[in-house]
Each structure stands twice: as structure tokens, then as C-alpha cells.
Amino acid sequence: REQVSKGGNHKESVVPNRLIRDVVKFLEWELDINVVVVELDLNALHCTVRVDKVEIEQVMINLIKISIDAISGANVERGRLVIGTNPRPDDALEVTVTDNGPGIDESEAGVVFDRFMTSKQSGMGMGLPISRSIIESHGGKLWLDEGYHGGARFGFRLPGCERGTDGGSDAE
């Protein structure tokens, strides 16, 4: 709704940890029905980034839903999703989404960001390519951690993690 009413690409200062909490709350019902527990490891305290908030929310929704689908499709008994934020020494923000699902098949790892590539019966294969283009349009990078075992881990970096005490507090 917010995207349509804005009528374009508007960047604003956003507290990433708060944005992530809001997205998790938005997806709470889907996490509950799929019995997936979310752990937040939000270390980017007092960090703000200048982004199109709705676009970054969409990336987070895509990554979380991919994890939920993977966990659900593999009938993992205790689904677990860890979402982390970390400020980097180069003033970038790193966000990771790690699940304990079946992981990404080695043969698919190199093509997960290709358009129309999907392993889901009803998937369109557009979530990851769209997410990657959003992150790249913000000057960042989105990747799959191909060396991660025990599930799947996606991550992205956004430049310009401004640290300070004014407006960057993400305490609830």
C-alpha cells in the first residue's frame, strides 16, 4: 500500500533493526502456521541507512518467505530462522537470513538469482532476481553463502551505515 501511495522511489533514513522487527511481525502468522521460530541477532545498534524502505522490506519478506517455504517443504520438525545485522568496518550494513531447512542444492546454487528459476511447484522464480536488483539499485550486493551447511544463508550489504545516537536507536 505504501509503495503505491508514494508513487516512486523515495529514499529515507531507516533503522534496519526496526525494519526487520516490523517485517517479522508482519509475517508472524505465516511463521506460526509453519512452526518456524525466528531468532534476531541484531548487532547494528544505532545504525541508519538511507534506502527506499518499502523496497528493503520487500527484500526481507522475500528472503524470509523463501526460508519458510524451504523449511515447510522439507518437513523440518523445529524450523529455525536467524536474522542478523552487523555494521561493517567500511560503513556498510550486512544483513543475513539463515535457516535450518534443506539448503540449496549444489546444482542450483549458481542459478538461484536467474529469472524464472524456481524449485517450488507454484513459484514464479522472480523473488531473488527482484531482490538482487533492489539491493544493487541501493549500491549493495545480495548473495547466497554457498559454503553454509545445515540450511541456507542469504546475505546482503548496503552502503552508508550511519552510526550515531540521534534517530538510530532501535530499542523497543
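Below, the structure is looked at part by part. (Residues numbered from 1 in each chain as written. Predicted model: local features only at pLDDT ≥ 70, side-chain atom pairs only at ≥ 80, totals over all residues. Heavy atoms only, no water.)

Comments concerning the sheet that holds strand 6 (residues 141-144)
Right, so step 1: Strand order in the open sheet formed by five strands is 2-4-5-7-6, and the pairing between neighbours is mixed. The open sheet has two edge strands with one neighbour each: strand 2 (36-42) and strand 6. Averaged over all neighbouring strand pairs, the angle between strand axes comes to 15 degrees, with direction disregarded.
Right, so step 2: Bridge count for strand 5 (residues 93-99) against strand 7 (residues 152-158) is seven bridges, and the pairing is antiparallel. In the strand pairing of strand 7, V97 is matched with F154. (Pairing = 2+ DSSP bridges. Helix = DSSP H or I, 4+ residues; strand = E, 2+ residues; numbered from the N terminus. Axes fitted to C-alpha atoms, helices over the stretch in contact; angles between N-to-C directions.)

With respect to empty space enclosed by the protein
Right, so step 1: Tallying each qualifying case throughout the model produces one cavity of 30 Å³ or more.
Right, so step 2: One number sums up the size of the largest cavity: a volume of about 50 Å³.
Right, so step 3: Among the secondary structure elements, those contributing two or more residues to the lining of the largest cavity are helix 2 (16-26), strand 3 (47-51), helix 4 (53-73), strand 5 and strand 7.
Right, so step 4: The element contributing the most residues to the lining of the largest cavity is helix 2, with three residues. (1 Å grid on protein atoms, 1.4 Å probe; cavity = no way out; pocket = protein on both sides within 12 Å on 5 of 7 lines; lining within 4 Å. Points joined across faces, edges and corners; volume = space filled by probe spheres on them.)

Thoughts on the pattern of salt bridges
Right, so step 1: Tallying each qualifying case throughout the model produces seven salt bridges.
Right, so step 2: The shortest N-O distance in the salt bridge between R80 and E39 comes to 2.6 Å. Separated by 41 residues along the polypeptide, R80 in strand 4 (residues 79-87) and E39 in strand 2 bring together distant segments of the chain.
Right, so step 3: What makes E39 partly exposed here is its relative accessible area of 34%.
Right, so step 4: Note that R132 and E136 form a salt bridge whose closest N and O atoms lie 4.0 Å from each other. Here the residue R132 and the residue E136 both occupy positions in helix 6 (residues 127-137), the gap between them amounting to four residues, near one helical turn. (Salt bridge = Lys/Arg side-chain N within 4 Å of Asp/Glu carboxyl O. Buried < 20%, exposed > 50% of the residue type's maximum accessible area, 1.4 Å probe, protein only.)

Topic: the sheet that holds strand 8 (residues 162-163)
Right, so step 1: If you trace the three strands from one edge of the open sheet to the other, you get 1-3-8, paired in antiparallel fashion. The open sheet has two edge strands with one neighbour each: strand 1 (12-14) and strand 8.
Right, so step 2: Summarising the sheet, strand 1 and strand 3 pair through three bridges and their orientation is antiparallel. Bridge assignment links E12 to a residue of strand 3, and that residue is V51.

A short note on unusual backbone geometry
Right, so step 1: At H46, a residue that is not glycine, the phi angle is positive and equals roughly 55 degrees.
Right, so step 2: Along the chain, H46 turns up in the loop between strand 2 and strand 3.
Right, so step 3: For H46, a relative accessible area of 33% translates into the label partly exposed.
Right, so step 4: Even without being glycine, D91 reaches a positive phi, approximately 65 degrees.
Right, so step 5: By relative accessible area, D91 is classed as partly exposed at 42%.

A look at the environment of G150
Right, so step 1: With respect to the secondary-structure elements, G150 resides in the loop between strand 6 and strand 7.
Right, so step 2: According to the relative accessible area criterion, G150 is exposed, its value standing at 54%.
Right, so step 3: For G150 and N100, which are 50 residues apart along the polypeptide, the C-alpha to C-alpha distance reads 5.7 Å.
Right, so step 4: With near-sequence residues (within four places) excluded, G150 lies in contact with D99, N100 and G101. (Contact = heavy atoms within 4.5 Å.)

The analysis is restricted to geometry; functional conclusions fall outside its scope.
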